[in-house]
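# Tertiary structure, described
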Amino acid sequence: MKIPLNTLPGTELAAWLKSVGQPAYRSTQIFDWTYRKFADSPDEMKNLPADLKAELVKSFIFRQGRETRQEKAADGTNKLLLEFTDGACVECVIIPSVERFTFCLSSQIGCPVGCFFCASGTGGLVRNLDASEILDEFFVCCRKLGQLPDNIVFMGTGEPLMNYSNFMSALNIICGEKQVGMSPRRITVSTSGFVPGIMKFAKEGKPWNLAVSLHSPTDEGRARLIPDKHRYSIKEISDACRFYFNETGRIVTIEYTLVKGLNDSRDDALKLADIVSSCSAKVNLIPLNAVEKSGFSRPDRSKIAEFESTLTGKGVPVTVRIEKGDNINAACGQLRISHLKEDAQKNPGSENQEPGNL
Ligand code: SAH
Ligand code: SF4
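The present account deals with the structure reproduced in this document. (Residues numbered from 1 in each chain as written. Chains lettered and ligands numbered in written order. Predicted model: local features only at pLDDT ≥ 70, side-chain atom pairs only at ≥ 80, totals over all residues. Heavy atoms only, no water.)

### Overview of the overall build of the protein
Helix and strand content of the protein: eleven helices and 14 strands. With 358 residues in all, the protein has 53% of them scored as buried. Long-range pairs, those at least 24 residues apart, make up 65% of the contacts in the protein between residues at least 6 apart in sequence. Counting only carbon and sulfur atoms, one obtains 51% of the accessible surface of the protein, whose full area is about 15800 Å². (Helix = DSSP H or I, 4+ residues; strand = E, 2+ residues; numbered from the N terminus. Buried < 20%, exposed > 50% of the residue type's maximum accessible area, 1.4 Å probe, protein only. Contact = heavy atoms within 4.5 Å. Areas by Shrake-Rupley, 256 points an atom, 1.4 Å probe, with all protein chains shown as cover.)

Here's what the structure looks like:
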């Protein structure tokens with residue numbers, strides 16, 4: 001059975017090379033093509049002999065995620081939809097800013113949490129991405145950009161800490177010195193507040209950045225945005241954030257999606273300031289990108305500015321997420337959902353492949 005090359009440990013590649021009568025130094029060349037030159041297939045590995053390329057094709061799987069759609073916004077944001085061999089799709093985004101490029105990657109197909117305002121949760125979890133598929137997202141974006149990104153945020157579809165082992169394998173390859181070699185400090189992992197995952201992640205002993213989606217300073221408020229099934233209490237989440245900070249020394253980011261009339265009052269801001277200060281954290285305000293039929297809307301600009309200045313007034317570090325790619329189904333999961341809808345229109349019945357999606 002063929003296995004993916006991009007997750008193959010060095011020792012296994014060395015053993016395989018020996019078994020096909022190839023010298024050990026070929027391993028460095030193959031990994032260089034895979035991790036540094038983002039090769040899609042052995043055809044591109046120019047310094048390998050033809051017989052080795054043929055053996056590689058026989059034994060390994062190369063790129064599984066194929067770009068099926070691309071949407072570019074006027075500001076340069078480039079959103080890609082990748083289709084895997086089973087037809088499941090996932091989105092990843094290349095986001096340019098003045099001095100850097102950030103990739104926003106997905107960790108699952110669909111999402112088990114199902115926040116009421118989020119397109120990704122529509123239809124629940126379809127399946128986990130395996131480590132090789134998560135890496136495919138990364139490498140497809142690297143190829144498109146022609147270089148490594150400056151930063152990666154796992155803020156696409158899915159709850160990374162609920163796909164823990166696959167996600168960690170991918171992360172360790174992206175940060176592995178013998179593999180891609182990016183610094184963990186350049187990587188941010190966003191969670192809806194999955195406490196067991198945060199605790200485990202803290203114990204990895206690496207300086208990844210953690211972002212936690214709180215969205216409300218009260219448990220009642222959170223219940224209006226996040227279904228019960230995977231929702232933890234604010235007390236448990238803030239304890240976990242403190243633990244993360246103490247274990248890693250990294251300042252946690254509290255993400256707060258601002259929804260009109262639901263979590264945007266002065267009182268909410270004051271309560272949030274207390275929680276955030278108690279965790280030595282900072283806040284990233286995300287004005288809602290309204291998803292069709294969700295019934296939620298974004299507060300107006302003055303309300304957002306007021307919320308921000310209440311937090312600042314209490315000494316809390318705050319950033320407001322700048323809008324990127326607004327004309328391209330920018331909210332998390334929207335491109336995939338619009339693709340599924342088009343598919344269903346062209347091919348009635350196809351939506352059954354992903355239960356309950358539409
Ligand atoms: N599941 C993880 C990571 C993916 S979502 C999490 O929830 O943190 C990444 C961020 O995008 C979260 O903070 C989420 O609240 C936000 N988000 C999702 N849908 C959004 C929308 N329609 N508008 C604004 N932010 C949204
Ligand atoms: Fe899942 Fe995050 Fe979307 Fe909630 S916001 S449904 S946790 S992807």
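### A look at the sheet that holds strand β5 (residues 89-96)
Strands sit in the order β3-β4-β5-β6-β9-β10-β11-β12-β13-β14 across an open sheet of ten strands; the sheet is mixed. Pairing within the sheet leaves two strands with one partner each, and these edge strands are β3 (66-72) and β14 (318-320). Averaged over all pairs of adjacent strands, the angle between their axes in this sheet comes to 20 degrees, without regard to strand direction. In this sheet, strand β4 (residues 78-83) lies alongside β3 in antiparallel orientation, the contact comprising six bridges. Paired with Glu71 across the bridge in β4 is Lys79. (Pairing = 2+ DSSP bridges. Axes fitted to C-alpha atoms, helices over the stretch in contact; angles between N-to-C directions.)

### Focus: the site of ligand 2
In the region of ligand 2, the neighbouring residues are Cys111, Val113, Gly114, Cys115, Cys118, Ser120, Gly121, Gly158, Glu159 and Ser192. Partitioning the shell around ligand 2 into residue classes produces four nonpolar, five polar and one charged. (Near = heavy atom within 4 Å. Nonpolar A, V, L, I, M, F, W, Y, C, P; charged D, E, K, R; others polar.)

### Notes on the nonpolar core
Counting 95 residues, the largest nonpolar core has Phe138 and Phe201 as the members making the most contacts within it. When we break this core down by domain, the ones giving at least three residues each are domain 1 (3-61) and domain 2 (66-357). Not counting chain neighbours up to four residues away, the residues in contact with Phe138 comprise Phe103, Leu105, Leu148, Pro149, Ile152, Ile174, Val180 and Met182. (Core = buried A, V, L, I, M, F, W, Y, C linked by side-chain atoms within 4.5 Å. Domains from an automatic or database assignment.)

### So, unusual backbone geometry
One non-glycine residue, Phe38, adopts positive backbone phi at about 55 degrees. Assignment of secondary structure puts Phe38 in the loop between α2 (26-36) and α3 (50-59). Taking the relative accessible area as the measure of exposure, Phe38 reaches 7% and is therefore buried. The phi dihedral of His215 falls on the positive side, at around 70 degrees, and the residue is not glycine. On the secondary structure map, His215 appears in the loop between β11 (209-213) and α7 (219-223).

### Points about the environment of Ala281
Topologically, Ala281 is positioned in the loop between α9 (266-278) and β13 (282-287). Since its relative accessible area comes to 7%, Ala281 is described here as buried. Through-space distance from the C-alpha of Ala281 to that of Pro317 is 8.0 Å; in sequence the pair is 36 residues apart.

### Remarks on the site of ligand 1
Of all residues adjacent to ligand 1, which total 21 residues, the nearest are Gly158, Ser190, Ser213, His215 and Asn289. A distance of 2.9 Å separates a nitrogen atom of ligand 1 from a polar backbone atom of Gly158. In this structure, an oxygen atom belonging to ligand 1 sits 3.1 Å away from a side-chain N or O atom of Thr257. About the coverage of ligand 1: the protein hides 95% of its 530 Å² of free accessible area. (Polar contact = N/O pair within 3.5 Å; in protein donor to acceptor, adjacent residues only side chain to side chain.)

### Considerations on α2
For α2, a buried count of eight out of eleven residues is recorded, marking the element as mostly surrounded by other parts of the structure. When we look at burial in α2, the residues that qualify are Arg26, Ser27, Gln29, Ile30, Phe31, Trp33, Thr34 and Tyr35. Looking at the buried side of α2, the elements it contacts are α1 (10-19), α3, α4 (131-145) and α5 (164-175).

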